[in-house]
Amino acid sequence: MSAGTFDFSNVDWAEIGQASLDTLAMLGGSMVLTIALGLPLGVILFLTGKGQMLENRLANGALSLLVNILRSVPFVILLIVMIPLTVALVGTSLGVAGAIPPLVAGAAPFFARLVETALREVDKGVVEASFAMGAKRRQVVLGALLPEALPGLIAAATVTAIALVGYTAMAGVVGAGGLGDLAVRFGYQRFQTDVMIVTVVLMLVLVQVLQMVGDAVVRRVSHK
């Protein structure tokens, strides 16, 4: 390929296709686990906060510290530090399976904070009205608090999914596969700019699709 031109002769479209599937697999698997862990964690952070129904300064402080520590560690460092744990959990630190544990560890605390913020935006009158009608704590949380916060929770999930796309790209640095891995191995190490362009464009498209879908779902639930 001559300087200044891009004929995409270095692009193996079959490999690009497989890398795209790997990225989607990493995104899907880690997003499911991130929501499964981050949602209850965010709810607990909110409920144990000052002035809330399960106020507990010690528990809230401990959870907040854990969340802040995990959020403050750069994801590339987290990938490396978690290699022994990742191998213990899934048997490998490479490929899609090896990327999911650190992806979840990096994204779940981030999502938990967004969940906590979304719950704080719920009108306290809704909770008070539920208690006034004789609802128990569990009923208030599941029947009033979470439904009222649903648009914010979906927006939080969208932001987290987009962050995970970036994380999957960084995971390519340690051989996790996906579009990030191609960008590192071919675009960076072998100076194949055409491969780099294709991978970047595909990731940009993925981010735009996630944002559009997330916005559409938020608008839909907000109008109900």
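What comes next is a walk through the structure. (Residues numbered from 1 in each chain as written. Predicted model: local features only at pLDDT ≥ 70, side-chain atom pairs only at ≥ 80, totals over all residues. Heavy atoms only, no water.)

## Regarding the overall build of the protein chain
- Each helix and strand in the protein chain was counted, giving 10 helices and 0 strands.
- Its C-alpha atoms put the protein chain at 75 × 40 × 25 Å along the principal axes.
- A total of 224 residues make up the protein chain; the buried ones form 40% of that total.
- Summarising the internal contacts of the protein chain: among those between residues at least 6 apart in sequence, 75% fall at separations of at least 24.
- Of the charged side chains in the protein chain, 14 are positive and 13 negative, and the gap between their average positions amounts to 13 Å. (Helix = DSSP H or I, 4+ residues; strand = E, 2+ residues; numbered from the N terminus. Buried < 20%, exposed > 50% of the residue type's maximum accessible area, 1.4 Å probe, protein only. Contact = heavy atoms within 4.5 Å. Lys, Arg positive; Asp, Glu negative; His and termini not counted. Charge placed at Lys NZ, Arg CZ, Asp CG, Glu CD.)

## Considering the pattern of salt bridges
- Overall, the coordinates contain 2 salt bridges when judged by the stated rule.
- Here Arg 113 and Glu 116 are joined by a salt bridge, their closest N and O atoms 2.7 Å apart. In this pair, Arg 113 and Glu 116 both sit in helix 5 (residues 95–120), 3 residues apart, roughly one turn of the helix.
- Note on Arg 113: relative accessible area 16%, which makes it buried.
- Notably, a salt bridge pairs Glu 116 with Arg 120, separated by 2.8 Å at the nearest N-O pair. Note that Glu 116 and Arg 120 are positioned in helix 5 at a spacing of 4 residues, about one turn of the helix.
- For Glu 116, a relative accessible area of 4% gives the class buried.
- Among the charged side chains, a network of salt bridges with common partners joins Arg 113, Glu 116 and Arg 120. (Salt bridge = Lys/Arg side-chain N within 4 Å of Asp/Glu carboxyl O.)

## Observations concerning the packing of helix 1 (residues 13–47) against helix 8 (residues 150–171)
- It is the contact of helix 1 with helix 8, at a shortest axis distance of 10 Å, that shows an interaxial angle of 135 degrees. In terms of their interaxial angle, helix 1 and helix 8 are classed as oblique. Seen from above, helix 1 lies across helix 8 with right-handed handedness. Here helix 1 contributes Thr 23, Met 26, Leu 27, Ser 30, Met 31, Thr 34 and Leu 39 to the contact with helix 8, which in turn contributes Leu 153, Ala 157, Thr 160, Ala 161, Leu 164, Val 165 and Thr 168.
- When grouped by side-chain class, the residues that make up the contact of helix 1 with helix 8 number 9 nonpolar, 5 polar and no charged. (Axes fitted to C-alpha atoms, helices over the stretch in contact; angles between N-to-C directions. Parallel < 35°, antiparallel > 145°, perpendicular 65-115°, else oblique. Left-handed = near helix turned anticlockwise from the far one by under 90°. Nonpolar A, V, L, I, M, F, W, Y, C, P; charged D, E, K, R; others polar.)

## Looking at helix 6 (residues 124–132)
- N-cap assignment for helix 6: the residue whose side-chain oxygen lies 2.9 Å from the backbone N of Gly 125 is Asp 123.
- Of the residues one or two after helix 6, Gly 134 is the one with positive phi, at around 90 degrees. (Polar contact = N/O pair within 3.5 Å; in protein donor to acceptor, adjacent residues only side chain to side chain.)

## Section: the environment of Thr 199
- Following the sequence through the fold, Thr 199 ends up in helix 10 (residues 193–222).
- The buried category is assigned to Thr 199, whose relative accessible area is 1%.
- Expressed as a C-alpha distance, the spacing of Thr 199 and Asn 56, which sit 143 residues apart in the sequence, is 47 Å.
- In this structure Thr 199 touches Ile 16, Leu 179, Leu 182 and Ala 183, once residues within four positions along its chain are discounted.

## Brief notes about the nonpolar core
- Counting residues in hydrophobic clusters, the biggest one holds 45 residues, and the most contacted among them are Val 43, Leu 47, Phe 75, Leu 103, Leu 119, Leu 145 and Leu 164.
- Those elements that place two or more of their residues in this core are helix 1, helix 3 (75–81), helix 5, helix 7 (137–148), helix 8, helix 9 (178–188) and helix 10.
- Excluding its chain neighbours within four sequence positions, the residues that come into contact with Leu 145 are Phe 46, Leu 47, Leu 119, Val 122, Val 127 and Val 140. (Core = buried A, V, L, I, M, F, W, Y, C linked by side-chain atoms within 4.5 Å.)

## A short note on the packing of aromatic side chains
- Applying the stated rule across the entire model yields 1 aromatic pair.
- A ring pair is formed by Phe 75 and Tyr 167, whose centres lie 4.5 Å apart and whose planes are at 10 degrees; its orientation type is stacked. With Phe 75 in helix 3 and Tyr 167 in helix 8, this pair connects stretches of sequence that are 92 residues apart. (Phe/Tyr/Trp six-rings, centres within 6.5 Å; stacked < 30°, edge-to-face > 60°.)

## Notes on the side chain of Ser 64
- With respect to the helices, strands and loops of the structure, Ser 64 is situated in helix 2 (residues 57–72).
- Taking the relative accessible area as the measure of exposure, Ser 64 reaches 13% and is therefore buried.
- Look past the residues within four positions of Ser 64 in its chain and what remains in contact with it is Leu 45 and Arg 113.

## Some remarks on the packing of helix 1 against helix 2
- Direction vectors running N to C along helix 1 and helix 2 enclose 135 degrees, while the axes themselves pass 9 Å from each other. One finds that helix 1 runs oblique with respect to helix 2. Of the two elements, helix 1 crosses helix 2, and the hand of that crossing is left-handed. Between helix 1 and helix 2, the contacting residues are Leu 41, Ile 44 and Leu 45 on the first element and Asn 60, Leu 63, Ser 64 and Val 67 on the second.
- For the contact of helix 1 with helix 2, the per-class residue count stands at 5 nonpolar, 2 polar and no charged.

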